[in-house]
Amino acid sequence: MIQLAVPNLAGNEEKYLSDCVTSTFVSSVGPYVTKFEEMVAAAAGAPYAVATSAGTTALHAALLTVGVKHNDLVICPALTFIASANAISHCGATPWLFDVDRDSWTLDARQVGEQIAKNTEIRAGERIHIPSGRRVSAIVPVFTLGIPADMDAIIQVAKSSGLPVVVDGAAALGATYRAHRSGALGADFTMYSFNGNKTVTAGGGGAVVCCSKDLMQAFRHLTTTARVGTDYDHDVVGYNYRMTNLQAAVGCAQMEQLDAFVAAKRRIAATYQEAFQDISGAKAFPNPSWGESAAWFSGFYFDSPDGGARGARLRQALRERHIDARPFWKPMHLQAPYKNAPRAALPVSEYLWDKIVTLPCSTNLTSDDQAYVVDEVRAWSRAHVLCSAPS
Ligand SMILES: *Cc1c(COP(=O)(O)O)cnc(C)c1O
């Protein structure tokens, strides 16, 4: 089977791990954690980074740090991985679901602005969702597939409505927006994941970056059991959410290869795009004018009313030919825990999600393997009269 996205561990991973064992620094303190935080901050273009046990825990703690409380609503796109919504739930809050825009598959800033104007008001200094009476306390844009959201528009909405912004940039390390790096776009926090299927992995793990020293320190405190000093004094209910030196050792070795990995991801995406452009109805993943995607996943979608059925048939046919082809995220309002979450109209999320076909895109995918995937997709498309053989 040619896998969808597997870790590429050809660098210093083994050497750094063995350093950890030799030095006995295997836990949540150690030189690799500090080094990893420095590397992530630099790659994200932000002054501060704090490493965590996962992207989900990073997002949870970041939301608490910006003041999300029990019973609040937090604005997020319906088309996301469930971890974004779960981190909101872990605060005792509920996601308020919005659509994505067609050009970037990221949070539709115009819809958010319109809904805030229409359905919220300020009461006693707080932004209240009028239909439910609940406080609205943050905006969580998601950088879908490594594509940056239109952050200038989102920050403008956030500023005018007094809401903090926590970006779920899980797979977006390496992306740029108007020539700025993904962690320097005006958000209070930007989260990255280093889970095994991300471009750069630490086995598991996450991080936030931010531009405020106070926010960074508050986040570090909360994720380190809210310990004050070096004795057993704790000032609030904290979390044990820090990354271990073992994870960071792998993470450092991976970060050394970030530029090469992102270049490989973009090359793979460009090869598929070129190879499938004459397939009827097949459209490339978005490429908004405002930035450059980190191209976490590659593939295409069938932009036609029967695209969902087509996508399912193609994915099945490819799996029979030992190619791991998968669908993409099922929107949150179609997931059992979020079926009753408040939501705006979601036509783009509903149209897109089942039409997407993701294809093998590991950074160490060989050109022979990619050529085989291309041939099989084209052969299936020819058999379904969606394209002809090259002349
Ligand atoms: C991977 C991912 C996460 C979760 O990160 P973990 O490190 O697995 O907790 C959250 N959001 C998005 C968009 C992701 O792709």
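Just so it is clear, the structure is predicted and the values come from calculations on it, not from any experiment. (Residues numbered from 1 in each chain as written. Predicted model: local features only at pLDDT ≥ 70, side-chain atom pairs only at ≥ 80, totals over all residues. Heavy atoms only, no water.)

*Asks:* With reference to specific residues and values, describe the domain arrangement of the protein chain.
*Replies:* When the domains of the protein chain are assigned, the result is domain 1 (13–255) and domain 2 (258–383). Inter-centroid distance (C-alpha atoms) of domain 1 to domain 2 is 25 Å. Taken together, the contact pairs 49 residues of domain 1 with 42 residues of domain 2. Between domain 1 and domain 2, roughly 3,800 Å² of surface is buried when both sides are summed, and carbon and sulfur atoms account for 68% of that area. When residues of domain 1 are sorted by the area they lose upon contact with domain 2, Trp 105, Leu 145 and Thr 199 head the list and together hold 20% of the total. Remark: the boundary between domain 1 and domain 2 carries zero salt bridges. At the surface where domain 1 touches domain 2, the tally comes to 19 residue pairs in polar contact (both at pLDDT 80 or more). With five residues, the single largest contributor to the side of domain 1 that touches domain 2 is strand S3 (residues 94–98). Residue classes in the side of domain 1 that touches domain 2 are distributed as 26 nonpolar, 16 polar and seven charged. (Domains from an automatic or database assignment. Contact = heavy atoms within 4.5 Å. Buried area = accessible area lost by both parts, 1.4 Å probe. Salt bridge = Lys/Arg side-chain N within 4 Å of Asp/Glu carboxyl O. Polar contact = N/O pair within 3.5 Å; in protein donor to acceptor, adjacent residues only side chain to side chain. Helix = DSSP H or I, 4+ residues; strand = E, 2+ residues; numbered from the N terminus. Nonpolar A, V, L, I, M, F, W, Y, C, P; charged D, E, K, R; others polar.)

*Asks:* I'd love a proper account of the site of the ligand, names of residues and values included.
*Replies:* Surveying the vicinity of the ligand reveals 15 residues, the closest of which are Gly 55, Thr 56, Asp 168, Ser 193 and Lys 198. Measuring from an oxygen atom of the ligand, one finds a backbone N or O atom of Gly 55 at 2.8 Å. Relative to its free-state accessible area of 380 Å², the ligand is covered by the protein chains to the extent of 91%. Elements with a minimum of two residues in the shell around the ligand: helix H3 (55–65) and strand S10 (189–193). (Near = heavy atom within 4 Å. Areas by Shrake-Rupley, 256 points an atom, 1.4 Å probe, with all protein chains shown as cover.)

*Asks:* Tell me about unusual backbone geometry, and please be specific about residues and values.
*Replies:* The backbone of Thr 24 shows a phi angle near 65°, a positive value even though the residue is not glycine. As for its position among the elements, Thr 24 is in the loop between helix H1 (13–23) and helix H2 (31–44). Within the chain, Thr 225 stands out as a residue other than glycine whose phi angle is a positive 55°. Along the chain, the position of Thr 225 falls in the loop between helix H7 (213–223) and helix H8 (245–255). A residue is classified by how much of its surface remains accessible, and Thr 225, at 31% relative accessible area, is partly exposed. (Buried < 20%, exposed > 50% of the residue type's maximum accessible area, 1.4 Å probe, protein only.)

*Asks:* Please provide a residue-by-residue account of the pairing of S10, values included.
*Replies:* Counting buried residues in S10 gives five out of five residues, a clear majority hidden from the surface. Both faces of S10 are covered, namely the face carrying Phe 189, Met 191 and Ser 193 and the face carrying Thr 190 and Tyr 192. In this sheet, S10 lies alongside strand S7 (residues 166–168) in parallel orientation, the contact comprising three bridges. From the neighbouring strand, Asp 168 faces S10, where its bridge partner is Met 191. Of the strand pairs in this sheet, S10 and strand S11 (residues 206–210) are connected by four bridges, and their pairing is antiparallel. Directly across from Met 191, in S11, lies its bridge partner Val 208. (Pairing = 2+ DSSP bridges.)

*Asks:* Just give me the short version of the nonpolar core, but keep the residues and values in it.
*Replies:* Counting 42 residues, the largest nonpolar core has Phe 276, Phe 300, Leu 359 and Val 377 as the members making the most contacts within it. Every element with two or more residues in this core is listed here: helix H9 (258–276), strand S14 (298–302), helix H10 (307–320), helix H11 (347–352), strand S15 (356–359) and helix H12 (367–383). Formed jointly, this core draws a minimum of three residues from each of two domains, domain 1 (13–255) and domain 2 (258–383). Excluding its chain neighbours within four sequence positions, the residues that come into contact with Val 377 are Phe 276, Ile 279, Phe 300, Leu 314, Leu 318 and Leu 359. (Core = buried A, V, L, I, M, F, W, Y, C linked by side-chain atoms within 4.5 Å.)

*Asks:* Can you explain the sheet that holds S14? Please cite residues and give values.
*Replies:* The three strands lie next to each other as S12-S14-S15, forming an open sheet whose pairing is antiparallel. Looking at which strands have only one partner, the edges of the open sheet turn out to be strand S12 (282–284) and S15. Across the sheet, the mean angle separating the axes of adjacent strands is 30° when strand polarity is ignored. Bridge analysis of S12 against S14 gives three bridges, and the strand direction is antiparallel. Bridging across to S14, Ala 284 finds its partner in Phe 300. (Axes fitted to C-alpha atoms, helices over the stretch in contact; angles between N-to-C directions.)

*Asks:* Mind laying out the sheet that holds strand S8 (residues 176–177), listing which residues take part and the relevant values?
*Replies:* The sheet built from three strands is open, its strands ordered S9-S8-S13 with antiparallel pairing. Strands at the two margins of the open sheet, each flanked by one partner only, are strand S9 (180–181) and strand S13 (291–292). Two elements, S8 and S13, share two bridges in a ladder whose sense is antiparallel. Within the sheet, the bridge partner assigned to Tyr 177 lies in S13 and is Gly 291.

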